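Next come the chains, spelled out residue by residue.
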Amino acid sequence: MQNDRFLRALRREPVDATPVWLMRQAGRYLPEYRATRAKAGSFMALCTNPELACEVTLQPLERFALDAAILFSDILTIPDAMGLGLHFADGEGPKFRNPVRSEADVARLGVPDPEGELRYVMDAVRTIRAALGGRVPLIGFSGSPWTLACYMVEGEGSSNFARPKSMLWNEPALMHRLLDTVARSVSTYLAAQAAAGAQALMVFDTWGGLLAPAQFREFSLRYLAQIAATLKADAATRDVPLILFSKGANGHLEALAATGCDALGVDWTISLGDARARVGGKVALQGNLDPAALHASPEAIEAEVGAALASYGDGPGHVFNLGHGITPDVRPERVAALVDAVHRLSARG
Ligand code: 1CP
């Protein structure tokens, strides 16, 4: 490995400079991504073609001195492999032809075979890992059980996910059966990505913050803990750093850190210093610049980077990132300013 800063930071070992990568670093803000996506024809055609998925994974690394690559794929590959019929209407978000609404719908779901229905993802991991040639580590990922259940029950994106929240209150046993099947699928999927070459694993609990504290513990945290326990009990995945990112769930940092994961992603609604005071003795932290700060001037971006580094403070265990994904309207020069500032301002003599 030519650059292992990211893996060292996740293990809370000393680094020569703070590693940085960005959620959604491959995506629509890059003209070269839009060109490859046009060539593929659709987003899913891009995801299911390992050569094209590899091409777009590497695009941001050609432009910026990023310290990690993330598999180009989507969290909705698991529900698609379960038979829900994922599709993207032009200019719209994801939709499922067969959402999960009844007991019969939940009973039909099985755990997808990562080298079967999801083989295209494992092939992408193998292709990208070979193409990286040890330049930087490759991150594999999945959605969390709760976040995947949100899309599976709602049938599409939403700002409040009323259908899954209604199932949680009216049919909690059914929601638990769904979450358990999804959690076993996620553990199997992540372990297979590690076997195929992913060197760190991240779980995106994008919609954890929709839940009140007791419901978060029962319907999201419990299954994140189940996944962490499964991966840490297996000799093949025990040493692969695991990052949990529950957006909007800052009230639960201590409980998330106690799952046995190696690092927590944090959004921008808490300072890194406060997050570190609560869990820094147990896990590394990844975050947490507001993605909207990428609209600021390069000078203002540099000042925000300096403030985030100062807030984290000295000592190991920080992976610089945004608090959520880059938006399509960001200018690539601003991303360059961010990445450059992280390395320059954090360089240790
Ligand atoms: O090209 C396009 O038009 C598709 C846009 C797009 C992209 C670039 C989608 C559809 N997914 C992706 C890639 C993606 N998704 C990655 C790639 C790696 C990277 O560079 O980071 C990752 C990690 C994801 C994960 C993902 N997909 C999440 C969790 C992270 C987050 O942003 O909160 C979620 C919630 C999704 C669902 C999804 N897929 C795509 C869209 C537009 C959405 C959001 C739908 C919604 O709720 O409105």
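All values reported here derive from a predicted model rather than from experimental measurement.

## Details of the UniProt feature "domain: Uroporphyrinogen decarboxylase (URO-D)" (unreviewed entry) in the protein chain
Those places that UniProt annotates as "domain: Uroporphyrinogen decarboxylase (URO-D)" (unreviewed entry) correspond, in this numbering, to residues 19–28 and 139–155. With 0% helix and 0% strand, residues 19–28 has its two end C-alpha atoms placed 23 Å apart. In residues 139–155, the share of helix is 59% and the share of strand is 29%. The end C-alpha atoms are 27 Å apart.

## Thoughts on the state of the cysteines
Counted according to the given criterion, the structure contains zero disulfides. This cysteine, cysteine 54, is not joined by any disulfide, and cysteine 47 carries the nearest cysteine sulfur, 13 Å off. By relative accessible area, cysteine 54 is classed as buried at 8%.

## Section: the packing of helix α8 (residues 145–154) against helix α9 (residues 162–170)
Relative to each other, α8 and α9 sit at 105°, their axes nearing to 7 Å. The orientation of α8 with respect to α9, classified from their angle, is roughly perpendicular. Across the interface between the two elements, Trp146, Ala149, Cys150, Val153 and Glu154 of α8 pack against Ala162, Arg163, Pro164, Lys165, Met167 and Leu168 of α9. Here the contact of α8 with α9 is composed, by residue class, of eight nonpolar, no polar and three charged.

## Quick notes on the pattern of salt bridges
Counted by the stated rule, this structure contains 22 salt bridges. Of the charged contacts, one joins glutamate 103 and arginine 177 as a salt bridge, the two residues approaching to 3.6 Å between their closest N and O atoms. In this pair, glutamate 103 sits in helix α6 (residues 103–107) while arginine 177 sits in helix α10 (residues 172–196), placing the two residues 74 residues apart along the sequence. Given a relative accessible area of 47%, glutamate 103 falls into the partly exposed group. Judged by its relative accessible area of 39%, arginine 177 is partly exposed. In this structure, arginine 344 and glutamate 302 form a salt bridge, with 3.1 Å as the shortest nitrogen-oxygen distance. Taken as a pair, arginine 344 in helix α15 (residues 332–346) and glutamate 302 in helix α14 (residues 298–312) lie far apart in primary sequence, 42 residues in all. A relative accessible area of 44% places arginine 344 in the partly exposed class.

## Quick word on the sheet that holds strand β8 (residues 284–289)
Sheet architecture is open: seven strands sit in the order β1-β4-β5-β6-β7-β8-β9, paired in parallel fashion. Each edge of the open sheet is held by one strand with a lone partner, namely β1 (69–70) and β9 (318–322).

## Details of the UniProt feature "site: Transition state stabilizer" (unreviewed entry) in the protein chain
In the numbering adopted here, UniProt assigns the feature "site: Transition state stabilizer" (unreviewed entry) to Asp74. Along the chain, the position of aspartate 74 falls in the loop between β1 and α5 (77–84). The class for aspartate 74 is buried, based on a relative accessible area of 14%. Look past the residues within four positions of aspartate 74 in its chain and what remains in contact with it is Phe43, Cys47, Phe141 and Tyr189. Engagement of the side chain of aspartate 74 in a polar contact is seen with the backbone nitrogen of leucine 76, the distance being 3.1 Å.

## Some thoughts on the side chain of aspartate 67
By the secondary structure assignment, aspartate 67 is in the loop between α4 (50–63) and β1. Reaching out from aspartate 67, the side chain makes a polar contact with the backbone nitrogen of valine 20 at a distance of 2.8 Å. At a separation of 2.6 Å, a polar atom in the side chain of aspartate 67 contacts the side chain of histidine 343. Aside from chain neighbours lying at most four places away, what touches aspartate 67 is Asn3, Arg5, Phe6, Thr18, Pro19, Val20, Val136, Pro137 and His343.

## Brief notes about the environment of valine 182
By the element assignment, valine 182 lies in helix α10. Looking at valine 182, the relative accessible area reads 0%, which means it is buried. Counting along the chain gives 122 residues from valine 182 to glutamate 304, while the straight-line C-alpha distance between them is 38 Å.

## Some details on the pairing of β8
Extensive coverage of β8 is indicated by the burial of six of its six residues. Across three bridges, strand β7 (residues 263–265) lies against β8 in parallel orientation. By the bridge assignment, alanine 263 is partnered in β8 with alanine 284. As paired elements, β8 and β9 share five bridges and run parallel to each other. From the neighbouring strand, glycine 287 faces β9, where its bridge partner is phenylalanine 320. Considered for its hand, the β-α-β crossover made up of β8, α14 and β9 is right-handed.

## As for the confidence of the model for the protein chain
Residues with a pLDDT of 70 or more make up 100% of the protein chain, whose mean pLDDT is 97. Predicted as a complex, the structure gets a pTM of 0.97 and an ipTM equal to 0.92.

## A closer look at α14
Relative to the 21 Å expected for 15 residues at 1.5 Å per residue, α14 spans 21 Å between its end C-alpha atoms, a close match to the ideal helical length. Listed as buried for α14 are Ile301, Val305, Ala308, Leu309 and Tyr312. For α14, the arc enclosing every buried residue in end-on projection is 95°, short of the 170-degree limit, so these residues lie on one face. Pointing more than 90 degrees away from the buried face of α14 are the exposed residues Glu299 and Ala310. Contact partners of the buried residues in α14: α13 (272–279), β8, β9 and α15. Immediately downstream of α14, the backbone of glycine 313 shows phi near 90°, a positive value.

Cut-offs used in this document
Residues numbered from 1 in each chain as written. Predicted model: local features only at pLDDT ≥ 70, side-chain atom pairs only at ≥ 80, totals over all residues. Heavy atoms only, no water. UniProt positions renumbered as here; feature names shortened; annotations may be inferred. Helix = DSSP H or I, 4+ residues; strand = E, 2+ residues; numbered from the N terminus. Disulfide = S-S within 2.5 Å. Buried < 20%, exposed > 50% of the residue type's maximum accessible area, 1.4 Å probe, protein only. Axes fitted to C-alpha atoms, helices over the stretch in contact; angles between N-to-C directions. Parallel < 35°, antiparallel > 145°, perpendicular 65-115°, else oblique. Contact = heavy atoms within 4.5 Å. Nonpolar A, V, L, I, M, F, W, Y, C, P; charged D, E, K, R; others polar. Salt bridge = Lys/Arg side-chain N within 4 Å of Asp/Glu carboxyl O. Pairing = 2+ DSSP bridges. Polar contact = N/O pair within 3.5 Å; in protein donor to acceptor, adjacent residues only side chain to side chain. Right-handed = clockwise from strand over helix to strand, strands pointing away. pLDDT = per-residue confidence, 0-100. Expected span 1.5 Å × (residues − 1). Arc of directions from axis to C-beta.

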